[in-house]
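What the coordinates show
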There are 2 protein chains.
Amino acid sequence: MPSISQKGQMMPASPIRKLVPYAEAARKRGVEVLHLNIGQPDIHSPEVALEAVRNNDLRVVEYSHSAGNESYRKGLAAYYQQHKIPVTHEDIIITTGGSEALLFGLMACFNPGDEIIIPEPFYTNYNAFAIQAGITVVPLSTSIAQGFALPPAEAFEKLITPRTKGILICNPGNPTGVLYGREELETLRDIVKKHDLFLFADEVYREFCYDGARHISAMELDGIEQNVVLVDSVSKRYSMCGARIGAFVTRNKELLATALKFAQARLSPPTFGQIASEAALQAPRSYFEEVNSEYRERRNILVEGLNSIPGVLCPMPKGAFYCVAELPIDDAEKFCVWLLEEFQHKGHTVMMAPAAGFYAHPAPGKKQVRLAYVLEQDKLRMAVECLREALVHYARTTAKAQGAEAN
Amino acid sequence: MPSISQKGQMMPASPIRKLVPYAEAARKRGVEVLHLNIGQPDIHSPEVALEAVRNNDLRVVEYSHSAGNESYRKGLAAYYQQHKIPVTHEDIIITTGGSEALLFGLMACFNPGDEIIIPEPFYTNYNAFAIQAGITVVPLSTSIAQGFALPPAEAFEKLITPRTKGILICNPGNPTGVLYGREELETLRDIVKKHDLFLFADEVYREFCYDGARHISAMELDGIEQNVVLVDSVSKRYSMCGARIGAFVTRNKELLATALKFAQARLSPPTFGQIASEAALQAPRSYFEEVNSEYRERRNILVEGLNSIPGVLCPMPKGAFYCVAELPIDDAEKFCVWLLEEFQHKGHTVMMAPAAGFYAHPAPGKKQVRLAYVLEQDKLRMAVECLREALVHYARTTAKAQGAEAN
């Protein structure tokens, strides 16, 4: 039997999904699992988008243009312009999710062995796409004690080598919910300009900024127009993760033409997803207002609840719908398994994503978990209650086990 | 401005799409362009598939399982079993088109620098995916005079090196329409077994076999169960190119688990496309019978027509809906541009794909074109008439130009 490739061996298994069998076992023993582990929102997709798909009158489900339907690209450009992102439809390639946009970008910009700096903790799949493109992720540590704030320019400078070709940010951030403002973005601009790097900005959570903050796009920065790649997606914006529609956006014409060759190779993005996404542009502003207000409430319930538990530290996220919490435990993965295998409180338990998977080197995340506040408020209250009880029980169980070992 | 990657520079621009601006110009001067250049069928998608999408009652367009919806995988396994392909749903990952299945497979099996042997001419994008995976395509020449038949084992043996890791076939073949039967497949099996290679079989045109031939899948071959990867797609089968639904199929559990990690990184295949594809499994047998009978007629009109033109050679395809023809000209690309820029016959002209793009080294394809018989019969008759006239005019034009040069 021929052997699997090195890339295949290196590819990480999803840290978010590897606890799934334990959750299934929990359900089998009659426990309701509160899923804080994945970013699958329960928010309805905009009615106008669902209607458009239901009312489609296609007789042949044809390929679209490799860059996506022009009408959708024009609509999307208008949406960006409303958000102060100065692009036209000719700066946009519609992709199969944000994932594909990122992969096109990495393949088009980086040679194998080139380095990309990513503030960590970061979205796990950045690692997976870097492995596919054969590039090296250089993590830049941020700390939970500082609310995962962007480190100063000097911290970047220390990591820059002749192989450094770019920086990747997620703003607002998955998994931390951190939001970079004008100051952080200008720090990034200066580094990018000084070292002539690509700046990849994953802004799929753009619409989810709280407490009155306005999202600032990396595309708004002056002087690095040729360096910035915007990675976007409708998945979270319109709660349409399954539409698999994203966008690769850049004003760098040579880069866009290169990315288009990758897009041509895979022929076209999904037709039905494009129909839904183009229609979703018509979703009223009130759709986002309602969704945002709901997420803000959920965030407050979850994060305030977590911080009220002794020994738990959870910085208040300013955007997206995740938070990272440090727990008074030794090993978050063991704790997450224990929650599913052995614990219940009033018939419930909690499923979370161990945060180690969001670090290039797992150590700093060992006591941390990522939680997505994508459940109804009552469920989030129950989740906090579960965790509070669980941590008490777990401390006793662990102490007992250690006592037994000591004897 | 930072530089584009080597891969980005190497990626081929689509040879099928690069004539598009000339076609647009032709339309602007009022000429109807008969599109024989792309494999976008005009056949209606199955009504049952379109209905399923129109009647969907989703409120949230969620991610599916990374391997695709289980109900669809089970239905697809049953479809394969009907076609004597012995697999279960656990051998299948639903992908975003056949393109993604192929890319997952190449990334999971090949290290950069490994070699894959592909009989040529071959589907252009095989080159593109090989570049993305960093692997080397080793073309195995086939000849139009022999109807692009699979060469004997010795021809493969001559190309095998310590870096050879696999063979890729397209059966029935794009661009040639060649169909490999039991004998050819057993030749392949013996080579694969002897050298312990992967055998990638792109069988997306399975349902399009003519003149009573039964399609034989590489998955039916005994003794190489761990070596075979089936690349599949609903695009052509159900005329649903825009659904972007394919499949990666193998009985090699380690390979499937590896491919699943690539699938998890991109989260899930498109939800609406899966709804359409699962429903399409219910398309009556008569759907294929009607489609096949239509394609057979079209093939006969086009290929018999082409062979009736002096100097044109076009082997009769046994499957798919393409043929490759050699024309009495020097440079097919120039001729194709001339057809769009300068020629018309009764208000029509023809757009074809120069075949050089289907060869690893363009020379053998220089006088050849690929034609897709995806148009109505009357249009195909007109296309043949156009080509007959065009070749007469072109010969005169060329002779005159050469005469002028000689003076």
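Residues numbered from 1 in each chain as written. Chains lettered and ligands numbered in written order. Predicted model: local features only at pLDDT ≥ 70, side-chain atom pairs only at ≥ 80, totals over all residues.

A closer look at the relation of the copies chain A and chain B
The second copy of the chain is related to the first by a rotation about an axis and a shift along the axis. Take chain A, turn it by 180°, move it 0.0 Å along the axis, and it overlays chain B with an RMSD of 0.0 Å. When the rotation and shift are considered jointly, the pair of chain copies conforms to a two-fold rotation axis. Within chain A, Arg-54 of chain A has its C-alpha nearest the rotation axis, a separation of 2.0 Å. Looking at the interface residues of chain A, 100% of them are also at the interface in chain B, so both copies use one shared face. (Least-squares fit on C-alpha atoms with pLDDT ≥ 70 in both. Contact = placed C-beta atoms within 7 Å.)

Remarks on the sheet that holds strand β6 (residues 198-202) of chain B
Residue and element names in this part refer to chain B. If you trace the seven strands from one edge of the open sheet to the other, you get β2-β8-β7-β6-β5-β3-β4, paired in mixed fashion. The sheet is open, and its two borders are formed by β2 (92-95) and β4 (136-141), each paired with just one other strand. Neighbour to neighbour, the strand axes of the sheet diverge by 20° on average, direction disregarded. Sheet analysis places strand β3 (residues 115-120) next to β4, joined by six bridges and oriented parallel. By the bridge assignment, Ile-116 is partnered in β4 with Val-137. Across the sheet, helix α5 (residues 97-109) lies against β2, β5 (164-170), β6, β7 (228-233) and β8 (246-249), angled at about 160° from β7, the strand it touches most. (Pairing = 2+ DSSP bridges. Helix = DSSP H or I, 4+ residues; strand = E, 2+ residues; numbered from the N terminus. Axes fitted to C-alpha atoms, helices over the stretch in contact; angles between N-to-C directions.)

Structural notes on the pairing of β5 of chain B
Residue and element names in this part refer to chain B. Here β5 lies mainly inside the structure; six of its seven residues are buried. Strand direction decides the pairing type here: β3 and β5, joined by three bridges, are parallel. Bridge pairing links Ile-116 to Gly-166 in β5. Direction of pairing for β5 relative to β6: parallel, over a ladder of five bridges. Within β6, the position partnered with Leu-168 by the bridge is Phe-200. Of the crossover connections in this fold, the one passing from β5 over helix α8 (residues 182-195) to the parallel β6 is right-handed. (Buried ≥ 20, exposed ≤ 12 C-beta atoms within 10 Å, placed from the backbone. Right-handed = clockwise from strand over helix to strand, strands pointing away.)

Description of helix α5 (residues 97-109) of chain A
Across its 13 residues, α5 of chain A extends 19 Å between first and last C-alpha, which sits within 8% of the 18 Å expected from 1.5 Å per residue. Most of α5 of chain A is tucked away, with 13 of its 13 residues classed as buried. (Expected span 1.5 Å × (residues − 1).)

A word on the interface of chain A and chain B
In this assembly, 71 residues from chain A lie in contact with 71 residues from chain B. Looking at the side of chain A that touches chain B, the elements that each hand over two or more residues are α1 (6-10), α3 (47-54), α5, α6 (125-133), α9 (253-265) and α10 (271-280) of chain A. Considering each element in turn, the side of chain A that touches chain B owes the most residues, seven residues, to α9 of chain A.

Details of the sheet that holds strand β8 (residues 246-249) of chain A
Residue and element names in this part refer to chain A. If you trace the seven strands from one edge of the open sheet to the other, you get β2-β8-β7-β6-β5-β3-β4, paired in mixed fashion. The open sheet has two edge strands, β2 (92-95) and β4 (136-141), and neither has a second partner. Neighbouring strand axes in the sheet, compared pairwise and without regard to direction, differ in orientation by 20° on average. Where strand β6 (residues 198-202) meets strand β7 (residues 228-233), four bridges bridge the pair, whose relative direction is parallel. Within β7, the position partnered with Asp-202 by the bridge is Val-231.

A word on the domain arrangement of chain A
Residues and elements named next belong to chain A. Here the domain parsing of chain A yields domain 1 (6-44 + 286-406) and domain 2 (47-280). Here domain 1 and domain 2 have C-alpha centroids that lie 27 Å from each other. When contributions to the side of domain 1 that touches domain 2 are tallied by element, the ones reaching two or more residues are α1, α11 (285-307), β9 (322-326) and β12 (368-372). Counting residues per element, the side of domain 1 that touches domain 2 draws most heavily on α11, at five residues. Looking at the side of domain 1 that touches domain 2 residue by residue, the classes come out as 22 nonpolar, nine polar and six charged. (Domains from an automatic or database assignment. Nonpolar A, V, L, I, M, F, W, Y, C, P; charged D, E, K, R; others polar.)

What about unusual backbone geometry?
Backbone torsion omega between Asn-171 of chain B and Pro-172 of chain B reads -5°, so that peptide bond is classified as cis. Structurally, Pro-172 of chain B can be placed in the loop between β5 and α8. In this chain, Asn-174 of chain B is followed by Pro-175 of chain B through a cis amide linkage whose omega measures 15°. On the secondary structure map, Pro-175 of chain B appears in the loop between β5 and α8. A positive phi angle, near 75°, is found at Leu-267 of chain A, a position not held by glycine.

Considerations on the confidence of the model for chain A
Chain-level statistics for chain A give a pLDDT mean of 95 and a share of 98% at 70 or above. The ipTM, which scores confidence in the relative placement of chains, is 0.94 for this predicted complex, and the corresponding pTM is 0.95. (pLDDT = per-residue confidence, 0-100.)

Describing the packing of α3 of chain A against α10 of chain A
Residues and elements named next belong to chain A. The contact between α3 and α10 brings their axes to 7 Å, and the two run at 140°. As far as their axial angle goes, α10 and α3 are oblique. Here α3 runs over α10; the crossing is right-handed. Between α3, through Val-48, Ala-49, Ala-52 and Val-53, and α10, the contact on the second element is made entirely by Phe-272, Ile-275, Ala-276, Ala-279 and Ala-280. Among the residues forming the contact of α3 with α10, the class breakdown is nine nonpolar, no polar and no charged. (Parallel < 35°, antiparallel > 145°, perpendicular 65-115°, else oblique. Left-handed = near helix turned anticlockwise from the far one by under 90°.)

Points about α11 of chain A
Spanning 23 residues, α11 of chain A covers 32 Å between terminal C-alpha atoms, matching the ideal 33 Å at 1.5 Å per step. The set of residues buried in α11 of chain A consists of Tyr-287, Val-291, Tyr-295, Arg-299, Leu-302, Val-303 and Leu-306 of chain A.

What to know about the environment of Asn-252 of chain A
Within the secondary structure layout, Asn-252 of chain A lies in the loop between β8 and α9. Spatially, the C-alpha atoms of Asn-252 of chain A and Glu-225 of chain A are 7.0 Å apart, while their sequence positions differ by 27 residues. Setting aside chain neighbours within four positions, we find Asn-252 of chain A in contact with Gln-226 of chain A together with Met-1 of chain B.

A short note on the nonpolar core
It is characteristic of soluble globular proteins that their nonpolar side chains tend to be buried jointly. One finds Leu-199 of chain A together with Leu-199 of chain B to be the most contacted residues of the largest nonpolar core, which totals 276 residues. Leaving out residues up to four positions away in the same chain, Leu-199 of chain A has contacts with Gly-166, Ile-167, Leu-188, Val-192, Ala-218, Ile-224, Asn-227 and Val-228 of chain A. (Core = buried A, V, L, I, M, F, W, Y, C linked by C-beta atoms within 7 Å.)

Observations concerning the packing of α5 of chain A against α9 of chain A
Helix-helix packing is characterised by the crossing angle of the two axes and by the distance between the axes. All names here are of chain A. Put simply, α5 and α9 touch, their axes get as near as 9 Å, and they point 120° apart. By the angle between their directions, the pair α5 and α9 is classed as oblique. Pair α5 / α9 crosses with right-handed handedness. For the pair α5 and α9, contact is made by Phe-104, Gly-105, Met-107, Ala-108 and Cys-109 and by Leu-255, Thr-258, Ala-259, Phe-262 and Ala-263, respectively.

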